[in-house]
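Close look at the chain arrangement
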Amino acid sequence: MHNVLVTGGCGYIGSHTAIALMEEGCRVVIADNLSNSDARSIDRIEKITGLRPVLERTDISDAEACHQLFERHAIDAIIHFAAHKYVNESVREPLRYYRNNFVSTLNLLREMQLHQVRHFIFSSSCTVYGEPDTLPVTEESPVKQAMSPYGNTKQVIEEILSDCCKADENLHVIALRYFNPIGAHPSGEIGEIPHGIPQNLLPYLTQTAIGIRECLSVYGNDYDTPDGSCIRDYIHVYDLAKAHVCAMNRMMRKQQKQNYEVFNISTGNGYTVLQLIKTFEKVSGKKLNYKIVGRREGDIPKIWADTRKANEELGWKAAYDLEDMLRSAWQWEQRMQQEG
Ligand code: NAD
Ligand code: WQD
């Protein structure tokens, strides 16, 4: 049984991953400063798994607090979700993003050295591909100049991890490049809880459907896509969670081909915003109030993943389709309304 430190484990993807790990028999310690989540995630995880993960309310960008965390717990592997994640916010507040995302990662790497922790999974993003020249994107597709400080933190942290692996053959790292995670746990007990006005499509859409927001703006219908709206590769958050378990098993079983590896994690299917809205209307039975507005600055017209490497080498494949993702997101939105 492995002891896994899940940083940012009260957040959206981290909480689902904690569940997937616990279902595999791992002991989970969550370190979260609750800057974008709340401690009720722990109750929800317990309700689903029957087990309560340890919660350390720790800001891992605080070097001493991070050190104490490693003194208190014997850790076999780390899954590092904790970061600020909003692209627009990062443009307005670059220093806050650079400080939190870099310093947290550097603190963890330092403590890993001190405590001989040798397995690390990093939450990276398809944002590293920028606007791709060819589709689908493979792990070999070029990493483009970052379009935001947030994106830059993902690129530079990948480089830092790669350099550390070159310098230390005992260190094992997997960077998972997520595409667009959406949806909620199949139990309906846990999901995304956006703080403030949602910046991503799905929470804005479900909040519109339930009446919290008046109208969803679709950013552009004049792109070179079948209906003119942007194409993304959406992935069910619980499929994404399970990819972390596969990545951890690969490291622990010493199956890595190199000690630093990168995988695209998604379904490999691209959908336009308007296709997604239609599918949502079908699974929810609700008519969505939306309007077409101008393009959003910085949006990539289309991107989807080549997932063969993850399918073949990680032995992982997405199980849920777009309807499943949207059904679970809608179920979760309704659940949040009931809870008030
Ligand atoms: P989230 O905001 O829901 O979760 C992040 C968690 O980290 C939050 O609970 C927050 O309180 C915590 N946190 C932030 N800074 C911290 C610190 N210094 N110390 C301790 N805890 C801290 O975000 P998410 O959507 O679950 O994303 C998780 C990771 O995946 C992030 O690294 C994000 O960049 C990456 N990612 C997300 C997406 C996406 O669309 N959601 C896509 C690609 C990559
Ligand atoms: C999806 C599509 C919008 C909101 C972001 C980050 C990326 C990664 C995933 C972390 C786009 C359209 C959106 C709305 C809309 N995150 N849209 N109306 O931009 O693909 O990626 O999250 O690493 O780095 O940039 O996700 O959910 O914002 O947008 O029409 O109100 O929905 O134009 O085509 P995006 P998103």
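For the structure itself, consult the block above.
Residues numbered from 1 in each chain as written. Chains lettered and ligands numbered in written order. Predicted model: local features only at pLDDT ≥ 70, side-chain atom pairs only at ≥ 80, totals over all residues. Heavy atoms only, no water.

The next point concerns the overall build of the protein chain. Helix and strand counts for the protein chain stand at eleven helices and 13 strands. Here the protein chain has a C-alpha radius of gyration of 19 Å; the compact-globule value for 340 residues is 20 Å, and the two agree. Counting only C-alpha atoms, the protein chain reaches 55 × 45 × 40 Å along its principal axes. Sorting the 340 residues of the protein chain into buried and exposed places 55% on the buried side. A separation of at least 24 residues holds for 81% of the contacts in the protein chain among residues at least 6 apart in sequence. As displayed, the protein chain offers around 15,100 Å² of accessible surface, 46% of which is attributable to carbon and sulfur atoms. The distance from the centre of the 37 positive side-chain charges to the centre of the 44 negative ones in the protein chain is 3 Å. (Helix = DSSP H or I, 4+ residues; strand = E, 2+ residues; numbered from the N terminus. Rg over C-alpha atoms; globule rule 2.2 N^0.38 Å. Buried < 20%, exposed > 50% of the residue type's maximum accessible area, 1.4 Å probe, protein only. Contact = heavy atoms within 4.5 Å. Areas by Shrake-Rupley, 256 points an atom, 1.4 Å probe, with all protein chains shown as cover. Lys, Arg positive; Asp, Glu negative; His and termini not counted. Charge placed at Lys NZ, Arg CZ, Asp CG, Glu CD.)

With that out of the way, let us pick up the site of ligand 1. Taken together, 29 residues lie around ligand 1, and Asp32, Asn36, Ser37, Asn100 and Tyr150 are the ones closest in. Note that a nitrogen atom of ligand 1 is positioned 2.9 Å from one of the side-chain N or O atoms of Asp59. Summarising the interface, the protein chains cover 95% of the accessible area of ligand 1, which totals 810 Å² for the free molecule. Those elements giving two or more residues to the shell around ligand 1 turn out to be helix 1 (12-23), helix 5 (94-114), strand 5 (119-125) and helix 6 (149-167). Among the elements that take part in the shell around ligand 1, strand 5 stands out by supplying three residues, more than any other. Grouping the amino acids of the shell around ligand 1 by side-chain chemistry returns twelve nonpolar, 13 polar and four charged. (Near = heavy atom within 4 Å. Polar contact = N/O pair within 3.5 Å; in protein donor to acceptor, adjacent residues only side chain to side chain. Nonpolar A, V, L, I, M, F, W, Y, C, P; charged D, E, K, R; others polar.)

So, on to the site of ligand 2. As a matter of local geometry, ligand 2 sits amid 18 residues, with Ser125, Tyr150, Ser217, Arg232 and Asp299 nearest to it. At 3.2 Å from an oxygen atom of ligand 2 is found a side-chain nitrogen or oxygen belonging to Asn200. One of the side-chain N or O atoms of Asp299 is found 2.5 Å from an oxygen atom in ligand 2. Look at ligand 2: alone it shows 680 Å² of surface, and the protein chains cover 87% of it. Tallied by class, the residues present in the shell around ligand 2 amount to nine nonpolar, six polar and three charged.

On to helix 5, then. Between its first and last C-alpha atoms helix 5 spans 30 Å; for 21 residues at 1.5 Å apiece the expected length is 30 Å, and the two agree. Buried residues in helix 5 make contact with strand 1 (3-7), helix 3 (63-72), strand 4 (77-80), helix 4 (87-92), strand 5 and helix 6. Looking one or two residues beyond helix 5, the residue adopting positive phi is Gln116, at roughly 50 degrees. (Expected span 1.5 Å × (residues − 1).)

Another aspect to go through is the packing of helix 1 against helix 2 (residues 40-49). One way to put it is that helix 1 packs onto helix 2 with a least axis distance of 10 Å and a crossing angle of 35 degrees. Remark: the crossing between helix 1 and helix 2 carries right-handed chirality. Where helix 1 abuts helix 2, its residues Ser15, Ala18, Ile19, Met22 and Glu23 lie against Ile45, Ile48 and Thr49. Split by residue class, the contact of helix 1 with helix 2 holds five nonpolar, two polar and one charged. (Axes fitted to C-alpha atoms, helices over the stretch in contact; angles between N-to-C directions. Left-handed = near helix turned anticlockwise from the far one by under 90°.)

This part is about the packing of helix 1 against helix 8 (residues 237-252). For the pair helix 1 and helix 8, interaxial distance at closest approach is 8 Å and the crossing angle is 55 degrees. The orientation of helix 1 with respect to helix 8, classified from their angle, is oblique. Along this stretch, helix 1 crosses helix 8, giving a crossing that reads as right-handed. Taking contact as the criterion, the partners of Tyr12, Ile13, His16, Thr17, Ile19, Ala20, Leu21 and Glu23 in helix 1 are, on helix 8, Val237, Tyr238, Leu240, Ala241, Lys242, His244, Val245 and Met248. Partitioned by chemical class, the residues of the contact of helix 1 with helix 8 number eleven nonpolar, three polar and two charged. (Parallel < 35°, antiparallel > 145°, perpendicular 65-115°, else oblique.)

As a further point, take the pattern of salt bridges. A complete count under the given rule lists 27 salt bridges for this structure. The shortest N-O distance in the salt bridge between Glu192 and Lys85 comes to 3.9 Å. With Glu192 in the loop between strand 7 (180-182) and helix 7 (201-210) and Lys85 in the loop between strand 4 and helix 4, the pair connects residues that are 107 residues apart, well separated along the chain. Across the pair Asp306 and Arg308 runs a salt bridge whose closest N-O atoms are separated by 2.6 Å. Overlapping salt bridges, with partners in common, bring together Arg44, Lys47, Glu189, Arg335 and Glu339 in one network. (Salt bridge = Lys/Arg side-chain N within 4 Å of Asp/Glu carboxyl O.)

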